[in-house]
Amino acid sequence: MSNSRRIKIAPSILAADFGRLAEQVREAESGGADRIHVDAMDGHFVPNLGLGPHVVHSLRNVTRLPFEVHLMIDNPDKFIRAFADAGGSRLLVHVEGNAHLHRSIDLIKSAGCQAGVVINPATPLTAIDEVLTEVDLVLAMTVDPGFAGQEFIEATLPKVRQLRQVIDSRRLPCELEVDGGIDRRTAQLAVGAGANVLVAGSVIFQSGGIAASTQELGGVSLLPEGATSDGTESNQ
């Protein structure tokens, strides 16, 4: 594929300094971020606690950017309205453990939000095939969800590549997003596989230059086939 798609950046505030959260969100916006990614975790679906609707509500007047809420929650249907009312623009639900995915997507849309579906690294693409025409975004996890700062799982790249092929061949309007372990090197790999939206946390908020790091990721270019991030040829 060509690198004609504009790369969109979704800074994940899970990695931000919560003592300076409003300031850091503004810095990410000034660096060209397209949206703010909010990780909502309940300690059950994933072994960690994350951000609730009150965080979205408190930031709503801080930025003009839309809020994308990643619902890593058991029974996410119970929280859709709360996050929508708080100011969420796009709500993402996992296929794993969700026996009524169409219902969740319908609830998100009825709340006035865009809908996204999320797939974990070990979940086959067939699990989301039936909803691809219904969603605005597909998020392929490139780590197992639940914690910031994990290492990118390169074995997920064939899945991202296959998703891009399906989206393009079926002329679907949905975006293809990746989340987990994104830095300057892995961003190139993900974009090369077909992603056009990058969720990034530590590389933005813990880099010492939030606006500059956001802008740099937004300008990521494709690596040539078989090349490494330093420009050398891979022997694999």
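Residues numbered from 1 in each chain as written. Predicted model: local features only at pLDDT ≥ 70, side-chain atom pairs only at ≥ 80, totals over all residues. Heavy atoms only, no water.

Asks: How do you make sense of the pairing of strand β3 (residues 67-72) when you look at a structure like this?
Replies: Side chains on a regular strand alternate between the two faces of the sheet. Burial within β3 is extensive, with 6 of its 6 residues counted as buried. Side chains Phe67, Val69 and Leu71 project from β3 onto one buried face, and the interleaved Glu68, His70 and Met72 project onto a second face that is buried too. Alignment of strand β2 (residues 36-41) against β3, held across 6 bridges, turns out to be parallel. Each residue of the ladder has a partner; that of Ile36, found in β3, is Phe67. At this point the chain moves from β2, through helix α2 (residues 53-59), to the parallel β3, and the crossover so formed is right-handed. Sheet topology note: the β3/strand β4 (residues 88-94) ladder contains 5 bridges and is parallel. Each bridged residue has a counterpart across the sheet, and for Phe67 the counterpart in β4 is Gly88. (Buried < 20%, exposed > 50% of the residue type's maximum accessible area, 1.4 Å probe, protein only. Helix = DSSP H or I, 4+ residues; strand = E, 2+ residues; numbered from the N terminus. Pairing = 2+ DSSP bridges. Right-handed = clockwise from strand over helix to strand, strands pointing away.)

Asks: Which parts of the structure should I look at to understand the environment of Cys174?
Replies: Mapping Cys174 onto the fold places it in the loop between α5 (157-169) and β7 (175-179). It is 6.8 Å that separates the C-alpha atoms of Cys174 and Val138, two residues lying 36 residues apart in sequence.

Asks: Can you help me understand the nonpolar core in this one?
Replies: A general tendency of soluble globular proteins is for nonpolar side chains to be buried together. Of all hydrophobic cores here, the largest spans 68 residues; its most connected members are Ile13, Leu71, Ile128 and Leu198. The leading source of residues in this core is helix α6 (residues 184-193), at 5 residues. Setting aside residues no more than four positions away along its own chain, Leu198 makes contact with Ile7, Lys8, Ile9, Ala10, Val178, Ile182, Ala187, Ala190, Val191, Leu217 and Val220. Leu92, Leu137, Leu139 and Met141 belong to the second-largest nonpolar core, a separate cluster that totals 6 residues. (Core = buried A, V, L, I, M, F, W, Y, C linked by side-chain atoms within 4.5 Å. Contact = heavy atoms within 4.5 Å.)

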